[in-house]
Every structure is written in structure tokens, then in C-alpha cells.
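Each chain, letter by letter, is given below.
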Amino acid sequence: MTDLLSDLEARGLIASSTDLGALAESMAEPITLYCGFDPTASSLHVGNLVPLLLLRRFQLAGHKVIALVGGATGLIGDPSGRSTERNLNTDDTVADWVNRVRGQLQHFLDFDGDNPATLVSNLEWTGPMSAIEFLRDVGKHFSVNAMLGKESIAARLNGDGISYTEFSYMLLQSMDYLHLYRDHGCTLQVGGSDQWGNITGGLDLIRKVEGPESRAHGLTVPLVTKADGTKFGKTAGGAIWLDAEQTSPFAFYQFWLNTDDRDIANMLRFFSLRPVSEVEEVIAAGEANPASRAGQRALAAELTDLVHGVENREHIEAASAALFGRGDLAALPETIWRQATEDVPTTTAVSAGATVIDALVATGLCDSKSAARRAIKEGGAYVNNQRVSEQEANLDSSLALHGRWVLLRRGKRSIAVADLGV
RNA sequence: GGCGGGUUGCCCGAGUGGCCAAAGGGAACGGACUGUAAAUCCGUCGGCAUACGCCUACGCUGGUUCGAACCCAGCACCCGCCA
């Protein structure tokens, strides 16, 4: 089972850790570990994927994993990795988000079978606690002097400041670890590298409360960085969510497919659950023939399979080939067309004879008529893969494929369908 | 509680009465080149009408003025120092 650690190392997935030797030793037997996910939005996003997949790797290796949803910490706000104070969300909002995030976590881990994962919310043990109890039993073990030295706090002291609320965050997370250590025999906490300060806080607390004989470990995965220096997981349209309602499976697939060549090797190592040797083969194939983008295709396929299912992925691949290809759209059989465009944004708001400008706006490809006019002027608007040259062009019914659909494209990457109706 | 500084378009940031839809940078978008990549070059970058023009916009609410992002008053929020 210690193979897992060397596998992680080979993938570059270990940012920092407590004594790896001791951890490896304890992993000779199945251990219990946890990772926390705060509900800071209604869905998890691709940035949560690395720690999430880390839990999965541990589960696949036979360890007992606990996924923790931050029902309590989500009400407070983690200062780690943020330069400004968070806005507080209402109880109701967070409660709703907890439920949604909980539902998503269930997709990634196995909750049945002989090694089921466990799902908890830290509100279970934090909620009933009184302020006095918290200050006496937990607060007393934390030295403010030491806390001020933590990266997450220090950065804010030099910057925009920090509220007492967020300052206390680390105590809550430390308490979580202690609780899980006691009640679940949890001896490892994993998380993103920005969680290192919070994790060590928990380790300190466990040692102080449980004595020097206690054994608890910490492990963090690196932050995913991109060659161009921009933040991973964000696009012009915002974050890439795991929720199909917020980021369509099509957009999700396209996000990975558009990965920069310079990043693809690392991305594959980080995100793929396939054995390292296979991953390296894919990387090599991609590097031998960059135009094939073998790495991007493999990554997009694997993650779309995982998050949205194989069936969706197959449709999306068909769509990508047909809609972005130079192929003859009219030759596409209706059934394939239907499958291919299932995840493509579609509007029914326009009918035959509508202007291309209106159609571009209705599909969301352009934000306004002005923008649509510009797109046409710049030669960036296409109907059925044909560039539109006339400002006044309209969607003649003769353009309709299979009698009703018209493919609209803005630039190279954005496509949508106008359903002219029957 | 006192004093000082701040609030400009997606972000940063100029602008202190008309020449301001508002410099500059970044992001983003389109085109060329490619591979739905990167880099580079060119262009666009509030909305409607794409002609004139009109509307909306510089924290909020009022005021001064022929005219205000720019002056005045009040309010809100942020930052810093002091208590």
C-alpha cells in the first residue's frame, strides 16, 4: 500500500507532508483519512478536483476515506489563499450549498461496497458547541503569537486586514481533525497546499490534547499552476463547475481540450487516475505529434467520463468532431446531429427568417446586437460553418438542417444551435 | 469615538468644471498564422440606432452651474493612524 505514496510522488502530487516515512509505515494497514470541502458556492469546481481525486486514489488503494463538508466552516470563511475578507453568506444559503456539495461528493467516492466512504459535516459537532466551551477547550491551545506567523494570517495583516471571524477559522478546522481523530480514528488529513497551515494547526491541537503518543499526519497536493500565469479553473465565463447546470458537459469537455500544450503533461499526471506508465505514454504521444493533441483529448475524455458519464462524453466527442470539423454538416444523419448537439447551447427563440444578428444574441454567442454586428464585421460569425459577410443576413429556412436546425459559430470555439422549430 | 485617505468602465489605474463614453495597462473578443494550443501581428472592446443622433455610466442622495467624474452638503462602505 505504500505504493500509493510513490505513485503520488511520481505524479508530483505531494506538495508538503509530515514525516513521509512514518506515514508510509502506518499505511501498511488501511488508514482513515479525511479532506474537507467548504461550501463557498453552489457547486464544486475543477479546482476541487485534485484533492477530491486524491481521496479517490486513497480509497482505491484500500484506505478508509472521509469527505467532510464544511457546514460550519463555510459559515465562517477560510482566509487561506485569499487577500481579502469574504462576504458572509446566510445560514440558509450555506445549508443549501452544503446539500448540493454533499450530493456532488457522492459521485466521486464509493459509498457502497466493502470499503465505503463516509460523509460528514463539521456542523454536526461545531454547531452544538457553546462559545465558552470553544474558547476554553479549543482556544486555550492556540497561541496567537504562533497564529500570526501562519502564512494565511500574516499575508492579511500586511494587507487588507482580517476579521476575528476569519482569524478563528483555523481553530475550527483544527477541531475537525481532532474530532475525526477521536471518533473515527482518522490519522491523516489531506488538502490543497493552501491548507498546510490549517492542517498543521490540527496536528498541533491533537498532540496537545491527545498527548505525545498520538499519531496524526498531514499531506497536501500542490496548487495547479498554468504556464501563462493565470489561475487554473477560470475562464472568461467564470469558474468551471462540476455541476452540469452551471457548466454544461460540453463546456467542461472543451475546457480540458483547450489546455495549453505546456501544461498538459502536468495536468495528466495530476488528474488522471490511470497508471503513471500509461499517462507517460500518452504524454509522449502528444509531444511526438502536438497537432494531434492526444494529451488534451485523453484528459478531456477521462474527466468528462468521471464527472458527466461516458454517454455524455461520447456525444460531446461526436459533436466536437462534426461541429468544429470541416465536414459537411448536411451529411450528418439526424440521430448523430441530435446526440452531438445535446449539450450545445440551443435557442428556440428565433424562427426562420430572423436575422443572424438576432440569432447570435438569442443564443448568447454575443452579448448585444452591437457585439453581434461587430462579430460579423470582423468576420467572426459563421452559419453552418460558412462565414457571414452580410450584416443583414438572415436565417433562411433553406439553411435549416433536417428542416429545423442551424449551427451558429462565433470565432473558432463558440458554437450554438438555433432551433427554428418544425 | 477622533483625525486622515479612499470609492472611476471586467480588473488595475489616470482624469480635479466644457476638447470625457472617459488616457494608459491587463484581461477578454475577432481576424491573419496554426492544431479548437502558444507566441506574434492587425483590429475590437457601454447600449440602441450602426447616418445624424439618442440613452446609460465615474459609491448613494441632493445642491451649485448654461454645463459636473471633476465644486458643495449629507449618507453608506473600505483602509490607515490615534483613543
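Conventions adopted
Residues numbered from 1 in each chain as written. Chains lettered and ligands numbered in written order. Predicted model: local features only at pLDDT ≥ 70, side-chain atom pairs only at ≥ 80, totals over all residues. Heavy atoms only, no water. Domains from an automatic or database assignment. Near = heavy atom within 4 Å. Polar contact = N/O pair within 3.5 Å; in protein donor to acceptor, adjacent residues only side chain to side chain. Helix = DSSP H or I, 4+ residues; strand = E, 2+ residues; numbered from the N terminus. Nonpolar A, V, L, I, M, F, W, Y, C, P; charged D, E, K, R; others polar. Phe/Tyr/Trp six-rings, centres within 6.5 Å; stacked < 30°, edge-to-face > 60°. Buried < 20%, exposed > 50% of the residue type's maximum accessible area, 1.4 Å probe, protein only. Lys NZ or Arg CZ within 6 Å of the ring centre and 35° of its normal. Pairing = 2+ DSSP bridges. Contact = heavy atoms within 4.5 Å. Axes fitted to C-alpha atoms, helices over the stretch in contact; angles between N-to-C directions. Disulfide = S-S within 2.5 Å.

Draft legend 1. Representation of the domain arrangement of chain A within the structure. With domains assigned, chain A is organised as domain 1 (3–221), domain 2 (234–330) and domain 3 (346–419). Here the C-alpha centroids of domain 1 and domain 3 sit 48 Å apart.

Draft legend 2. Expanded view of the protein's contact with RNA strand B. In the vicinity of RNA strand B there are 29 residues, among which Asn-258, Arg-293, Ser-370, Arg-410 and Lys-412 approach most closely. Take the atoms of RNA strand B that sit within 4 Å of the protein: sugar and phosphate atoms are 59% of them. Taking Asn-258, its side chain carries an N or O atom lying 2.3 Å from a sugar or linking oxygen of RNA strand B. Between RNA strand B and Arg-374 there is a distance of 3.2 Å, counted from a sugar or linking oxygen to a side-chain nitrogen or oxygen. Counting only elements with at least two residues in the surface near RNA strand B, the list comes to helix 12 (249–257), helix 13 (261–271), helix 16 (310–324) and helix 19 (369–377). The element best represented in the surface near RNA strand B is helix 19, accounting for 4 residues. Considered class by class, the residues forming the surface near RNA strand B number 6 nonpolar, 10 polar and 13 charged.

Draft legend 3. How the structure looks around the packing of aromatic side chains. Considering all chains together, one arrives at 9 aromatic pairs under this definition. Aromatic side chains Phe-255 and Trp-256 sit 4.9 Å apart centroid to centroid with 80 degrees between the ring planes, which places their arrangement in the edge-to-face category. Residue classification places Trp-256 among the buried residues on the basis of a relative accessible area of 0%. Relative to Trp-405, the ring of Trp-337 lies with its centre 6.1 Å away and its plane at 40 degrees, an arrangement referred to as tilted. Pair noted here: Trp-337 is in helix 17 (residues 334–341) and Trp-405 is in strand 12 (residues 405–410), with a separation of 68 residues, a long-range link. Taking the relative accessible area as the measure of exposure, Trp-337 reaches 0% and is therefore buried. Classification of Trp-405 by relative accessible area gives buried; the value is 6%. By way of ring pairs, the aromatic residues Phe-232, Phe-252, Phe-255, Trp-256 and Phe-271 are connected into one cluster. Cation over ring: Arg-409 sits above Tyr-382, and NZ or CZ is 4.2 Å from the ring centre.

Draft legend 4. Local environment of the pairing of strand 13 (residues 414–419). In terms of burial, strand 13 is a largely internal element, 5 of the 6 residues being buried. Here strand 9 (residues 346–347) runs beside strand 13; their pairing, made up of 2 bridges, is parallel. Its bridge partner being in strand 13, Thr-346 is matched across the sheet by Val-417. Sheet analysis places strand 12 next to strand 13, joined by 6 bridges and oriented antiparallel. Residue pairing across strands places Val-406 opposite Ala-418, the latter belonging to strand 13. Taking the residues between adjacent antiparallel strands as the criterion, strand 12 and strand 13 are bridged by 3 residues, where Gly-411 takes a positive phi near 65 degrees.

Draft legend 5. Representation of the sheet that holds strand 9. With mixed pairing, 5 strands are arranged side by side in an open sheet as 9-13-12-10-11. Of all strands in the sheet, those with a lone pairing partner are strand 9 and strand 11 (386–387), marking the two edges. Those strands touched by helix 17 are strand 9, strand 12 and strand 13, and its axis lies near 40 degrees from that of strand 12.

Draft legend 6. Geometry of the state of the cysteines. Applying the stated criterion across every chain, the model contains 0 disulfides. A disulfide-free cysteine, Cys-186 has its sulfur positioned 10 Å from the sulfur of Cys-35, the nearest such atom.

Draft legend 7. View of the environment of Tyr-169. Note that Tyr-169 resides in helix 10 (residues 169–184). Not counting chain neighbours up to four residues away, the residues in contact with Tyr-169 comprise Asp-38, Thr-73, Ile-76, Gly-77, Asp-78, Pro-79 and Asn-198. Side-chain polar atoms of Tyr-169 contact the side chain of Asp-38, separated by 2.6 Å.

Draft legend 8. Expanded view of unusual backbone geometry. Non-glycine residue Arg-293 carries a positive phi angle of around 50 degrees. As for its position among the elements, Arg-293 is in the loop between helix 14 (276–288) and helix 15 (294–308). Looking at Arg-293, the relative accessible area reads 28%, which means it is partly exposed. The phi torsion at His-402 lies on the positive side, around 55 degrees, for a residue other than glycine. Position of His-402 among the secondary structure elements: in the loop between strand 11 and strand 12.

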